[in-house]
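# Descriptive structure summary
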Amino acid sequence: MAVSDIIIIGGGGAGLTAALYASRAKLSTLLFEKLTPGGQIALTDIVENYPGFPEAITGGEISQRMEEQAKKYGTQLLYEEVKSIHPKNNSFEVRTSNQSHETKSVILAMGASFRTLAVPGEKELTGKGVSYCATCDGAFFKEKEIIVVGGGDSAMQEGLFLTRFATKLSVVHRRDKLRASPILQERAQKNPRINFIWDTVVEKIEGDKKVQNVKLKNIKNNSVRDFRTDGVFVFVGHDPNSSLVKGLVELDEKGYVKTFNTLKTSVRGIFAAGEIRSGAVKQLVSACGEGCEAALEAQAYLEDLPS
Ligand code: NAP
């Protein structure tokens, strides 16, 4: 079995940038992605804060360009889910459902996945009015009334995008202060289609074949009321995709991968970059920066490995 220099797990901004740097350094580079390249950014409508694009760029386009750029220099992209990683003597065996690969180093770039509300009706009505992706599902809500749950950057950014379709959008937030950055808060607050329901959580999502109603609970006075809606978009944060490496590398209390001196994990030869990493700032530009850094650290590690 041929031994590759680097296996990168996850094809978001961090993974694709690591792949670009590793393959340009002439290291044999495999990148595993279980869905489509781009990670969370591929599901984002527009990216306004990636330097070099003053006119903004769509999440889909920047993901596609990053993929193309990594492949151009020799990265081999495999659309498979990695199932396990087994340390060997100065190498690792990386297994998918179909095959097994040996590599001298690994970069973990699996990112994070959106959280659900975990309320009755959510699971049953997902795809029937409950959604976690405005870019994917927004167009189904033309001339409809919807709610967005959450008060962070995702809720504001995706909510603003959804006002292209929905006539009325209510942001349901569990506090009376938004977490989102000031620029997004201001835009959302100025948008005439958006209104805010403060100190409130969704208790239940109801509907026969599709979403028709939510039960909203005011957490200050515990009152519960019915609220008619055609759709529920949930943007309440993320959890790390680290189950693959649980028990292999050290994780923090929330399940993010701990790194030491700079992007090294607790296992020699395994590095971590982007949102999977404990302490990462969760921006595309920093994920890409970390991808670059992890590839350079892996390169230095490979140079020191006994041949
Ligand atoms: P986030 O910043 O963690 O915000 C999650 C929001 O959901 C918070 O307002 C939180 O309320 C609320 N929430 C959490 N659990 C909840 C629950 N069970 N029920 C109801 N509400 C709940 O997540 P995010 O907005 O997805 O952003 C993640 C990261 O990506 C952030 O660092 C963000 O800056 C970044 N991001 C950046 C951009 C951009 O730069 N344009 C765009 C999107 C995301 P509390 O406020 O009360 O905790």
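Data block above holds the structure.
Now for a quick tour of the structure. Remember, predicted model here, so these are calculated numbers, not experimental data. (Residues numbered from 1 in each chain as written. Predicted model: local features only at pLDDT ≥ 70, side-chain atom pairs only at ≥ 80, totals over all residues. Heavy atoms only, no water.)

## Points about the packing of aromatic side chains
In total, this model carries seven aromatic pairs according to the counting rule given. Here the aromatic rings of Phe114 and Tyr132 are separated by 4.5 Å at their centres, their planes lie at 5°, and the arrangement is stacked. Taken together, the residues Phe114 in strand S9 (residues 112–114) and Tyr132 in the loop between strand S10 (130–131) and helix H3 (134–137) connect sequence positions 18 residues apart. By relative accessible area, which is 44% here, Phe114 ends up partly exposed. Positioned over the ring face of Tyr73 is Arg24, at 4.7 Å from the centre of the ring. (Phe/Tyr/Trp six-rings, centres within 6.5 Å; stacked < 30°, edge-to-face > 60°. Helix = DSSP H or I, 4+ residues; strand = E, 2+ residues; numbered from the N terminus. Buried < 20%, exposed > 50% of the residue type's maximum accessible area, 1.4 Å probe, protein only. Lys NZ or Arg CZ within 6 Å of the ring centre and 35° of its normal.)

## Points about the pattern of salt bridges
Oppositely charged side chains can form a pair if their charged atoms are brought close together. Following the criterion strictly, the structure yields 19 salt bridges and no others. For Asp5, the salt bridge identified is with Lys104, shortest N-O distance 3.3 Å. Taken together, the residues Asp5 in strand S1 (residues 3–9) and Lys104 in strand S8 (residues 100–108) connect sequence positions 99 residues apart. A single salt-bridge network, built from bridges that share partners, covers Lys204, Glu206, Lys215 and Asp226. (Salt bridge = Lys/Arg side-chain N within 4 Å of Asp/Glu carboxyl O.)

## A short note on the nonpolar core
Residues Ile6, Ile8, Tyr50, Ile62, Ile107 and Leu284 are the most contacted members of the largest nonpolar core, which totals 32 residues. If one sorts the elements of this core by residue count, helix H6 (residues 284–304) sits on top with eight residues. Those residues in contact with Leu284 that sit more than four places away from it in its chain are Gly13, Ile41, Val47, Tyr50, Ile62 and Met66. (Core = buried A, V, L, I, M, F, W, Y, C linked by side-chain atoms within 4.5 Å. Contact = heavy atoms within 4.5 Å.)

## Quick word on the pairing of strand S11 (residues 145–149)
With respect to burial, S11 is a largely interior element, four of its five residues being buried. Relative to strand S12 (residues 168–172), S11 runs parallel, the two being bridged by five bridges. The residue bridging Val148 from the neighbouring strand is Val171, located in S12. Handedness of the crossover is the feature at issue here: the chain leaves S11, passes through helix H4 (residues 153–162), returns alongside S12, and the resulting connection is right-handed. With four bridges joining them, S11 and strand S17 (residues 231–234) adopt parallel strand pairing. Paired with Val149 across the bridge in S17 is Val234. (Pairing = 2+ DSSP bridges. Right-handed = clockwise from strand over helix to strand, strands pointing away.)

## Thoughts on the site of the ligand
Close to the ligand lie 20 residues, the nearest being Asp153, Ser154, Gln157, Arg175 and Arg179. In the model, an oxygen atom of the ligand is placed 3.0 Å from a nitrogen or oxygen of the Gly151 main chain. Within the contact set of the ligand, an oxygen atom lies 3.4 Å away from a backbone nitrogen or oxygen of Gly152. Burial of the ligand by the protein amounts to 76% of the accessible area it has alone, namely 920 Å². Here the shell around the ligand gets three residues from one element, more than from any other, and that element is H4. Counting residues domain by domain, the shell around the ligand receives three or more from each of domain 1 (3–113 + 238–304) and domain 2 (116–234). (Near = heavy atom within 4 Å. Polar contact = N/O pair within 3.5 Å; in protein donor to acceptor, adjacent residues only side chain to side chain. Areas by Shrake-Rupley, 256 points an atom, 1.4 Å probe, with all protein chains shown as cover. Domains from an automatic or database assignment.)

## Overview of the sheet that holds strand S14 (residues 200–206)
The antiparallel open sheet is built from three strands, whose spatial order is S14-S15-S16. Two strands lie at the open edges of the sheet, namely S14 and strand S16 (224–228), each paired on one side alone. Taking each pair of neighbouring strands and ignoring which way they run, the sheet shows an average axis angle of 30°. Pairing of strand S15 (residues 213–218) with S16 involves five bridges; the strand directions are antiparallel. Opposite Leu216, over in S16, you have Arg225 as the bridge partner. (Axes fitted to C-alpha atoms, helices over the stretch in contact; angles between N-to-C directions.)

## Topic: the state of the cysteines
Evaluation of the coordinates by the stated rule reveals one disulfide. Residue Cys133 pairs covalently with Cys136 via a disulfide, S to S 2.0 Å. Between Cys133 and Cys136, the disulfide has an S-S torsion of 75° and is therefore right-handed. Its relative accessible area of 8% is what places Cys133 among the buried residues. (Disulfide = S-S within 2.5 Å.)

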